[in-house]
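If you want the building blocks of each chain, they are given just below.
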Amino acid sequence: MTLVTVRVPAKVNLQLSVGPLRADGYHDLVTVFHAVSLFDEVTVSPASQTTVSVTGVDAASVPAGRTNLAVRAVRALAAACKPRPVSAEVQIVIRKRIPVAAGLAGGSADAAAALVACNELWQAGLAQAELCEVAAGVGSDVPFALVGGTAVGQGRGERLTAALTSGTYHWVLAFASGGLSTPEVYAACDRLRAGRPDGPGDGPPALDAELMAALRSGDPALVGALLSNDLQAAAVSLRPDLRRALAAGREYGALGAIVSGSGPTCIFLAADARRARDLAVSLTGAGVCRSVAGVRGPVPGASVVAAERG
Ligand code: C5P
């Protein structure tokens, strides 16, 4: 194999329940991940030394060195391969459509794509469960980008169980100017909670059974009413302008309006594709965000879209 290209989706969280801060600096979570049709593409090919280049949305803010999550994923996969690949050096080219630091797990998506691409390039033959184990070491959201669809995440978010859903959901994503740092949003969440002992987050987080039933029913009105995100107040405290975007979406008829993950992207659920288009136009006109995208979910996780043999 001389060149492999993998397409990988962004994620949103339909539920994000955050438990207390753990000794290792992470928070125990219960989350419902949902992969949506906004994709990055990652191409890998053999090289004399590993390099990464990035084009597309927010390319300038993606680190190009060893700290790049895709580079870390390639190194982690090489270490997990038995036998190790003869050469584990690759040229990585990332074409971004998922904005950076947006609450959409774009960096994790690129890491997952790099794992799938190198598994194919090296003909390493790791099964998905093995790739998921490597992925969990790279970042909490990386395993989900491998599997896609809709799934419940527990632990740091890396322990996944597939969720049963019906139908296709139509979303509008409202992208903000600038990003939010995930650790900073978690820290803000901790600070807000410290002022409210016995508030949410003191006990272990629990899966919302009503949301799971709504997802099985396929009724977007039910799902929209049950979206929840424990990081939303923290994200809004750091970016008060998000309040306007959320309010505008509700005013224009969204069935649900919520911050995605640690933000600042806001997501709006529409009843169907036509209403999603109308909502996207209204949100653009209201000037409450940098840009919008209409997407659908669930979609599959990282998958090979092109492979060339030498
Ligand atoms: O796992 P990942 O490197 O993507 O996480 C980024 C940061 O987000 C962590 O360093 C931590 O501050 C925060 N985080 C957390 N609890 C989680 C997942 C992430 O506090 N379950």
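Coordinates for the structure precede this section.
Heads up: these notes are all about the structure in this document. Model, not experiment: these values are computed from the prediction. (Residues numbered from 1 in each chain as written. Predicted model: local features only at pLDDT ≥ 70, side-chain atom pairs only at ≥ 80, totals over all residues. Heavy atoms only, no water.)

## Things to note about the packing of helix H1 (residues 69-80) against helix H3 (residues 128-138)
For clarity, the threshold we go by: A fitted line through C-alpha atoms represents every axis, and for helices the fit uses only the stretch in contact; the resulting angles, taken between N-to-C directions, go from 0 to 180 degrees. By the criteria applied, helices consist of DSSP H or I runs no shorter than four residues and strands consist of E runs no shorter than two, each listed in order from the N terminus. Each angle gets one of four labels, with under 35 degrees taken as roughly parallel, over 145 as roughly antiparallel, 65 to 115 as roughly perpendicular, and the rest as oblique. Handedness of a crossing follows from how the near helix is turned relative to the far one, being left-handed for an anticlockwise turn of less than a right angle and right-handed for a clockwise one. Working rule for contacts: check all heavy atoms of both residues, and any pair within 4.5 Å makes them a contact. Each residue gets one label: Ala, Val, Leu, Ile, Met, Phe, Trp, Tyr, Cys and Pro are nonpolar, Asp, Glu, Lys and Arg are charged, and the others, such as Gly, are polar.
Closest axis-to-axis distance for the H1/H3 pair is 9 Å, and the angle between their directions is 135 degrees. Taken together, the axes of H1 and H3 are oblique relative to one another. For the pair H1 and H3, the crossing hand works out as right-handed. In this structure, H1 contributes Leu 69, Arg 72, Ala 73, Ala 76, Leu 77 and Ala 80 to the contact, and H3 contributes Leu 131, Val 134 and Val 138. In terms of residue class, the contact of H1 with H3 is made up of eight nonpolar, no polar and one charged.

## Regarding the side chain of Asn 119
So the rule is basically this: Working definition: with a 1.4 Å probe on protein chains only, accessible area under 20% of the residue-type maximum means buried, over 50% means exposed, and in between means partly exposed.
By secondary structure assignment, the location of Asn 119 is in helix H2 (residues 106-121). Its relative accessible area of 12% is what places Asn 119 among the buried residues. Among residues more than four places away in sequence, those in contact with Asn 119 are Leu 77, Ala 124, Gly 125, Leu 126 and Leu 131.

## Here's the deal with the nonpolar core
What counts is decided by this rule: Residues belong to a common nonpolar core when they are buried Ala, Val, Leu, Ile, Met, Phe, Trp, Tyr or Cys residues joined through side-chain atoms within 4.5 Å. Where each domain starts and ends follows an automatic or database-derived domain assignment.
The biggest cluster of nonpolar side chains holds 68 residues, and the ones touching the most others in it are Ile 92, Leu 104, Trp 122, Trp 171 and Leu 173. Ranked by residues supplied to this core, first place goes to H2 with ten residues. Of the domains in this structure, domain 1 (3-163 + 304-308) and domain 2 (169-297) are the two that each give at least three residues to this core. In this structure Leu 104 touches Ala 10, Lys 11, Val 12, Leu 38, Ile 98, Pro 99, Leu 173, Phe 175, Ser 260 and Thr 265, once residues within four positions along its chain are discounted. Judged by nonpolar contacts, the second largest core, of 30 residues, contains Val 185, Ala 234, Ala 245 and Leu 246.

## Observations regarding the pairing of strand S10 (residues 266-270)
To keep things clear, this is the line we draw: Any two strands are treated as partners once DSSP identifies two or more bridges connecting them.
Judged by how many residues are buried, S10 sits mostly within the fold: five of five residues are covered. Residue alternation in S10 divides its side chains into two sets, Cys 266, Phe 268 and Ala 270 and Ile 267 and Leu 269, and both sets are buried. In this sheet, S10 lies alongside strand S7 (residues 169-175) in antiparallel orientation, the contact comprising five bridges. In the strand pairing of S10, His 170 is matched with Ala 270. Relative to S10, strand S9 (residues 256-259) is paired through four bridges, and the arrangement is antiparallel. Its bridge partner lying in S10, Ile 258 is registered against Ile 267. Taking the residues that link successive antiparallel strands as the turn, the S9-S10 hairpin has six residues, and the phi of Gly 261 there is positive, at about 55 degrees.

## Remarks on the site of the ligand
For clarity, the cut-off: Here a residue is near a molecule or strand as soon as one of its heavy atoms is found within 4 Å of it. N or O atoms within 3.5 Å of each other form a polar contact, as long as, within protein, one can give a hydrogen and the other can take it, and as long as residues adjacent in sequence are counted only when both atoms are side-chain atoms. Accessibility throughout is a Shrake-Rupley quantity obtained with a 1.4 Å probe, and a residue counts as covered only by protein chains that appear here.
What surrounds the ligand is the set Gly 25, Tyr 26, His 27, Leu 29, Gly 139, Ser 140, Arg 156, Thr 182, Pro 183 and Tyr 186. Contact between the ligand and His 27: an oxygen atom at 2.7 Å from a side-chain N or O atom of the residue. Contact between the ligand and Arg 156: a nitrogen atom at 3.0 Å from a main-chain N or O atom of the residue. When the ligand is considered free in solution it has 460 Å² of accessible area, and contact with the protein chains removes 76% of it. Of all the secondary structure elements, the ones that give two or more residues to the shell around the ligand are strand S2 (27-46) and helix H5 (182-194). In terms of residue count, H5 provides more of the shell around the ligand than any other element does, three residues in total.

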